[in-house]
Amino acid sequence: QVQLVESGGGLVQAGGSLRLSCAASGRTPSTYAMGWFRQAPGKEREFVSRISWSGGSTYYADSVKGRFTISRDNAKNTVDLQMNSLKPEDTAVYYCAADRSRRQLYTHSPAEYDYWGQGTQVTVSS
């Protein structure tokens, strides 16, 4: 069992920045790939970013490339998402997720993740 707790959400104006953090606990969470997803009201949960267990491989949705950066600190069991140049369309609840598999192929579907945090609200005003 892995527990995930997100923090760092809030209200910012368009063009501003926020840094989200996910604290993980449980058996060997540092060996899991980690991801960030987001869900706006009335919308499907969508992939934002993924990072391998080593931190050596990262992936981003096209909508956030060049603006968001994912990172992890395995010694602290934390995963961060630095969000810059925020847009109103980034407004959503952001979820941290853990993937315990060793998959080589993936589609960035939420179904590929085994553990989820409670989410943190990010609101970007015009």
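Residues numbered from 1 in each chain as written. Predicted model: local features only at pLDDT ≥ 70, side-chain atom pairs only at ≥ 80, totals over all residues. Heavy atoms only, no water.

A.B. asks: Describe the overall build of the protein chain, naming the residues involved and giving the relevant values.
C.D. replies: Helix and strand content of the protein chain: zero helices and 11 strands. Along the protein chain, helices (α) and strands (β) appear in the sequence β-β-β-β-β-β-β-β-β-β-β when read from the amino end. Here the C-alpha atoms of the protein chain give a radius of gyration of 14 Å, agreeing with the 14 Å that 2.2 N^0.38 yields for 126 residues. Seen through its C-alpha atoms, the protein chain measures out along the principal axes to roughly 40 × 25 × 25 Å. For the protein chain, with 126 residues in total, the buried portion stands at 39%. In the protein chain, of all internal contacts separated by at least 6 residues, the share reaching a separation of at least 24 is 58%. (Helix = DSSP H or I, 4+ residues; strand = E, 2+ residues; numbered from the N terminus. Rg over C-alpha atoms; globule rule 2.2 N^0.38 Å. Buried < 20%, exposed > 50% of the residue type's maximum accessible area, 1.4 Å probe, protein only. Contact = heavy atoms within 4.5 Å.)

A.B. asks: Help me get a handle on the packing of aromatic side chains, residues and values and all.
C.D. replies: Counted according to the given criterion, the structure contains six aromatic pairs. Look at Y59 and Y106: their rings are 5.4 Å apart centre to centre, the planes differ by 80°, and that puts the pair in the edge-to-face class. Taken together, the residues Y59 in strand 6 (residues 58-60) and Y106 in the loop between strand 9 (92-99) and strand 10 (115-116) connect sequence positions 47 residues apart. For Y59, a relative accessible area of 31% translates into the label partly exposed. Classification of Y106 as partly exposed rests on a relative accessible area of 22%. Each residue in the set F37, F47, Y113 and W116 is aromatic and connected to the rest through ring pairs, giving one cluster. (Phe/Tyr/Trp six-rings, centres within 6.5 Å; stacked < 30°, edge-to-face > 60°.)

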